[in-house]
Amino acid sequence: MQTTLPARLYGCPDAWERERAGVYGRAWLFLGHEAEAPAEGDWLASDIAGMRLVMVRGRDRALRVFHNVCRHRAGPLVQGERGRCEGELVCAYHGWRYALDGRLRAATGFGAAEGFDPRELGLFEVKCASWRGLVFVNPDGEAGPLEDHVAPLEGLLRERGLNLPRPALRRTHDLACDWKVYVENYLEGYHIGAVHPVLAGELGGAEYRVAVHGNLVVQEAAGVNDGPQAGVWGWLWPNLGVNVYRDGAMVERMTSVGPGRTRLDYLFLADGGESALGDALVASDRLTAEDARICEAVQANLSAGAYDRGVLSPRHEAGVAWFQSRIAEVHA
């Protein structure tokens, strides 16, 4: 029987720093959809575990990702979540100008300086790649090919004949719990009967299955062929849910924004736009609120001092066990 991770790893600043480098820094992380930056100069910015990134469409139509930081004195290149720049990225602090491929074009008003070489002061670029329109980044640049990382999920979608539609709507939720608390909740259906009464009714007596395939945890309720929750729930290491429903799909990024704090970034996908999401959007709001309440209560108990370790059910919590084993390697 596998015991859980110790409570001290949930909300601990030292644990967060180790996970930020050892998990987020080394993995393929979802950033956004190609269609969110369709034209030259369009950009999409995001903060993932303290890494402030900006994706921009270049003159050559290629998408590139940079750290959203000027090489002069760390000013921001863009502010906000989405926008468009006219042919270059301009630092909001001192006006340094960068081409859309990251080259420094002008150190505005800097003046003459011995040893100054603009060729050495281009933006910090981050390795990126796309799969089915979803753009991923790998901060340390050492991860293997993205297609290998997503292969189990690609195989599942092909097998089921499922596609990912175009972006329709973004929503964000902030939770007062460690990111691992939320991920572990996502990776098991053991809590559905107690936490999600409407969903439990929709599932009825269906067999709830959890299986691990490479970097993917797959959850599904056997025999559920209708209703807003019919479909496939896939979770891709280290922090991405890809949920494909009857009315569309939803990509859910679960990001640590500091010790004991989590941000959920939802990207709903539907070719017909927001109006085509139907019952899936209503269900998502309800499920998120229910999960937030229980996850924040669990976090409060983890921080209270009475609890240190628990035990995991082989029947229900195989996905949690797999996730905790991988996290434990970072803290070894």
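This text goes with the structure placed above it.
Remember, it's a predicted structure, so these values are computed and weren't measured experimentally.

Rules used in this analysis
Residues numbered from 1 in each chain as written. Predicted model: local features only at pLDDT ≥ 70, side-chain atom pairs only at ≥ 80, totals over all residues. Heavy atoms only, no water. Phe/Tyr/Trp six-rings, centres within 6.5 Å; stacked < 30°, edge-to-face > 60°. Buried < 20%, exposed > 50% of the residue type's maximum accessible area, 1.4 Å probe, protein only. Helix = DSSP H or I, 4+ residues; strand = E, 2+ residues; numbered from the N terminus. Lys NZ or Arg CZ within 6 Å of the ring centre and 35° of its normal. Pairing = 2+ DSSP bridges. Axes fitted to C-alpha atoms, helices over the stretch in contact; angles between N-to-C directions.

Colleague: Before we move on, can you summarise the packing of aromatic side chains with the specific residues and values?
Modeller: Scanning the entire structure with this criterion turns up 13 aromatic pairs. With 6.4 Å between their ring centres and 80 degrees between their planes, Trp 235 and Trp 237 make a pair best called edge-to-face. As far as burial versus exposure is concerned, Trp 235 and Trp 237 are alike and both buried. Centroid distance Trp 235 to Phe 323: 5.7 Å. Interplanar angle 90 degrees. Geometry classified as edge-to-face. With a gap of 88 residues between them, Trp 235 in strand 14 (residues 231–236) and Phe 323 in helix 8 (residues 318–330) connect regions that are remote in the sequence. Each member of the pair, Trp 235 as well as Phe 323, is classed as buried. Through successive ring pairs, a cluster of aromatic residues spans Tyr 24, Trp 179, Trp 235, Trp 237, Trp 322 and Phe 323. Cation over ring: Lys 180 sits above Tyr 10, and NZ or CZ is 4.9 Å from the ring centre.

Colleague: Which residues make up the sheet that holds strand 9 (residues 125–131), and what are the values?
Modeller: Spatially, the seven strands line up as an open sheet ordered 1-10-9-4-3-2-5, and their pairing is antiparallel. A strand with exactly one partner marks an edge of an open sheet, and here the two such strands are strand 1 (29–33) and strand 5 (82–84). Strand-to-strand twist of the sheet, defined as the mean angle between neighbouring strand axes without regard to direction, takes the value 30 degrees. Of the pairings in the sheet, the one linking strand 1 to strand 10 (residues 134–138) comprises four bridges and is antiparallel in character. By the bridge assignment for strand 10, Gly 32 is matched with Val 135.

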